[in-house]
Structures are given as structure tokens and as C-alpha cells.
Protein chains: 2
Amino acid sequence: MSRSRPQALYVLAHPEQHSLNRELFAAARAELERTHDVAVSDLYAMGFDPVLTTCDLGASGREPGTFLERWGRATASRGLASDILDEQRKLREADVVVIQFPLWWYSVPAILKGWFDRVLTAGFGFDVVDPATGRTRKYGDGLLTGTRALIVVSFGESASAMGPRGIAGDLDSILFGLIHGTLFYTGVEVLPVHAIADADGFDSSDIARETARLRARISGLAEETPIPFRSMRGGDYTRSRTLDPAIAPGRSDLAIHRRGD
Amino acid sequence: MSRSRPQALYVLAHPEQHSLNRELFAAARAELERTHDVAVSDLYAMGFDPVLTTCDLGASGREPGTFLERWGRATASRGLASDILDEQRKLREADVVVIQFPLWWYSVPAILKGWFDRVLTAGFGFDVVDPATGRTRKYGDGLLTGTRALIVVSFGESASAMGPRGIAGDLDSILFGLIHGTLFYTGVEVLPVHAIADADGFDSSDIARETARLRARISGLAEETPIPFRSMRGGDYTRSRTLDPAIAPGRSDLAIHRRGD
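Residues numbered from 1 in each chain as written. Chains lettered and ligands numbered in written order. Predicted model: local features only at pLDDT ≥ 70, side-chain atom pairs only at ≥ 80, totals over all residues. Heavy atoms only, no water.

(A) Spatial organisation of the pattern of salt bridges. Tallied over the entire structure, the rule returns 38 salt bridges over all chains. Put simply, B:Glu87 and B:Lys90 hold a salt bridge, and the shortest N to O gap is 3.0 Å. Taken together, the positions of B:Glu87 and B:Lys90, both in helix 4 (residues 82-93) and three residues apart, correspond to about one turn of that helix. Take B:Glu87 and B:Lys90: they sit in the same class, and that class is buried. One network of salt bridges, in which partners are shared, links A:Asp206, A:Arg209, A:Glu210 and A:Arg213. (Salt bridge = Lys/Arg side-chain N within 4 Å of Asp/Glu carboxyl O. Helix = DSSP H or I, 4+ residues; strand = E, 2+ residues; numbered from the N terminus. Buried < 20%, exposed > 50% of the residue type's maximum accessible area, 1.4 Å probe, protein only.)

Printed below as a string of C-alpha cells:
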């Protein structure tokens, strides 16, 4: 297979075969395929099992050691389940990852949460010790450095309810554990979230507008600037891993972890 | 069965049969049983299926209408799967709910996310229209008003990394979608989170200390004051569902949604 074109992975988590999310997915995938070889993880269509169990920690599930030790050994020895190895290969090869889902309870659907739980194993997504330096790589320095990600999320709330001072909490804060704690943690460069508000009552003109907006976003991915999160190794954090008191003094909102805020 | 004692539901999401979380669970459950009849949802032991599918929307999965309309009809007609009806009954009967889990990727494990996804159905957890007034009940006014909840969460990070200005984001912000967007949304009164930091390297004295601390917390639940989130109907939000500009002016951290902040 030629590797002359950049690689993309499109992760979709939606249970319906006919829905706004399916239409957006089809359009965005077609747009992405103009410039990338696109692998797809359609989690519902795959019947992806999202439940991390002790069976993920090694063949018998009864090896000695802590949870993390067993998981790390299973990862190092390629003792993971074949569905996990497949997803890790797709992730490792991807230059761009698009992750699309409906917002359920102000978070990702369980099937997508479990994709992170199971695929980002100890020694793959985190607890990655650099053999050259002996240090653990995380927060802007994980194994997936060089990958960029676009989150595409639809929700029924209005943009204002999910915006700054909105009753639901602003979307960037609500998704901080995904954007920063998961993707940035493992080294991924995360682009500003593509939010689709008021999505419960869409008619065909709404869908046409949102399809065009997402296609435009996809076509310009290479020119976008990722969210400038502060790196753990950049000197902005103290030894106790809190932000330097001289930076954004007095503030405790999550935007303080972005440079320039 | 006597209903003279208050009812509790203990939801546990941990894959290991022998672990810190299991020891804490056993101790906390025993403490809770001194004063409550305790139902348990041990999600891993139950093999709980966390994946919300179109089969949850009605017997055939192919009824007409939008996702929410079909889900609401299935709820109203008792057409939900038996595992969901069981969990809804436990929740409805509970005066207190304890929800215990390890923090995975700064969120709940997938099996627990899916418990919320599937159990809090349209017309049960949300989209509950009050027949007397015709208004939709949510944000401090959901169906589960009168229930109080304690979240018990363990994580490997230090307390400072998960505290105000910590690199991971503070725990109350990271869990805002659960505490406020899920539990408070459905009317539950949420108590301050019981956090167990540095949990990867616990020895027997750490476990003894944490067990005693959790037992003390459980024994005093009735005297605790819930987090004073602002109610959607309390006049603090504008019609566009953003916080009144006169309240906490200039701030955009999630703590502005608590009274007194």
C-alpha cells in the first residue's frame, strides 16, 4: 500500500444508521478522502466492546502485579486482544484523527469512552517511558506526538447554554478531560472543537449548512493552529504540578492551561 | 419487604475482584447497611451492557420518530429492557446513591458512563414534562429530586495535580458533567466528591486510613450539605441560559454555578 498520501483515522460513535451524524460523517469522510487515505472506526458498526476488563491485562487475566504493571507487560509483549492491536495500529499510522459523536450527559457515549479506556493502554497511550532519558512521557509529550485531532460533537443545547457562563458549563471545560486529559496527554495536537448546537431539531437546510461547514473545516485542517496547551516540561508548572503562581494569578478556570490565557 | 429504613443504592464500577476499590466498597457498604437497606449495582459483576443502541428505543428498534421521541415512548410504555427497568427501580427507591469508580482518562469507566447513558432514559432522567405545569423539569428539578448522591473516586495523580490550578484540571471541574450535568440535572442533591488521591501505590496502612475516612464519611451522610448549585428556575440565569451578568462578573470558571461563589 502506498504511503505517499497522509493517513487519517475517522472514529464515529453513533447508534443510528440514518441520522444527522451519519450525514455529516459521510460528507466529512468524502472530503477527507480527497487528501488522505482514511481508515474508519465506526464503533457501533464494529460492535466495539468498550468494557476494559482484566482480560485486557494478559492472556489469562490472572498474572501477578498491579493493574498497571500487568497492562504494561501485556502491551510490551503484544499480548493485547486483536481488536485493540488493530485500533492501536490505526492510531499509530494516523496523521489526523477525526472523532465524531453526539454529546450524551455532557460527555462521550460509553462506546467511545471505552475505546479510549481499552485502546490507550499502559505503555501505548500513557506510562510511556522514554528509553533514552528514563522519563515518563505525558502532557504534550506522549507517544502520539505528531498526530492532530479534530473533535466533532453535536448536542441539543443551544450554543449559549454550552458557552462561557452557560448553565451547562462551556464546551471546552466540559470536554477538558477528553481534549487535554486524554488527547493532549498522549501527545496529540488538538484543534478547536467543531461544535454543532441545537442538533435535535435539524431540518434539511440545517443539515446542508452544517455539512458545508464541516467540509470546509476538514479541507482546511492542515492550516489550522492547535490549541496551545502548556507542556508539562515547558516550565509553566511547579514540582507539585500546579501552574506557576505568576501565570494567570488568581484564576482557576481551565483556560489557564492554554498559553496566552 | 419493610420500608421503615431508608433505601440506598451502591453503584460500583471496578474490574478487579481484589483491589483498593473492592476493600473500600466492602467497608463502605457495611457502614451504609447499619442505617440503610442497600441495593448494589456491581456493574462488572453484573456484566452490565453499557452500549445504548436503537434496541433501547423500543422492541423492534425501528419505530418512527426521532431518537428522543422513540426513547420517550419506550419509557412511557415500559417498553425498556429488563436490566434498565431494574436499575430505574433501584434508583427511584433510593434515598441515597453512592457511586464509586477509579478515574480513567479523567472521567468514569465506560461501563459506568453507559449506566448513565442507558438508565437515565428520556422521560426518566430527563425530558421529564411535569403534567401539572407542562414545563420540562431539569437542573435541580429533575425526576430524582429528594435523592442525594456521594461520588467516591480514586486516582493515581496527586491531590495537587487534581486541585485548583493543577495540571490535570481540578476534580470538581473535570467531573462537572457528572456532578452537575448528570446528577444535579436530574434533581439529585450531590455531596462534595470523596476523592482518594495517589491511589496507585497504596500499602496496607494507606488502605486502613482511606477505609476509616470513607466509613466516617458514609456514617455522616445525613448531616452533610449538598453542593449549592444554582437552580435553572431560581432566577440566576437569563433566558439564553447564561448566568446573570451581575453574578460573579467577569468569571467563567465552573464554580460560578454554585451559590455563594
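(B) Up close: the interface of chain B and chain A. Each partner contributes to the interface: chain B provides 66 residues, whereas chain A provides 66 residues. Taken together, the two surfaces of chain B and chain A that pack against each other cover about 4900 Å², and 61% of this comes from carbon and sulfur. It is B:Trp105, B:Arg165 and B:Ile167 that lose the most area in chain B upon contact with chain A, and together they represent 23% of the buried surface on that side. Taken together, chain B and chain A are joined by two salt bridges. For A:Glu16, the salt bridge goes to B:Arg70, with nearest N and O atoms at 3.0 Å. For the pair chain B and chain A, the number of links is 28 residue pairs in polar contact (both at pLDDT 80 or more). (Contact = heavy atoms within 4.5 Å. Buried area = accessible area lost by both parts, 1.4 Å probe. Polar contact = N/O pair within 3.5 Å; in protein donor to acceptor, adjacent residues only side chain to side chain.)

(C) Main features of the side chain of B:Ser41. Residue and element names in this part refer to chain B. Within the element layout of this structure, Ser41 appears in strand 2 (residues 37-42). A polar atom in the side chain of Ser41 sits 2.6 Å from the side chain of Glu87. Excluding anything up to four places from it in sequence, Ser41 contacts Leu9, Tyr10, Val11, Leu12, Met46, Glu87 and Lys90.

(D) Examining the relation of the copies chain B and chain A more closely. For the pair chain B and chain A, the best superposition has an RMSD of 0.0 Å and corresponds to a rotation of 180° with a translation of 0.0 Å parallel to the axis. The superposition of one copy onto the other is thereby described by a two-fold rotation axis. By residue overlap, the copies meet face to face through one surface: 100% of the interface positions of chain B are interface positions in chain A. (Least-squares fit on C-alpha atoms with pLDDT ≥ 70 in both.)

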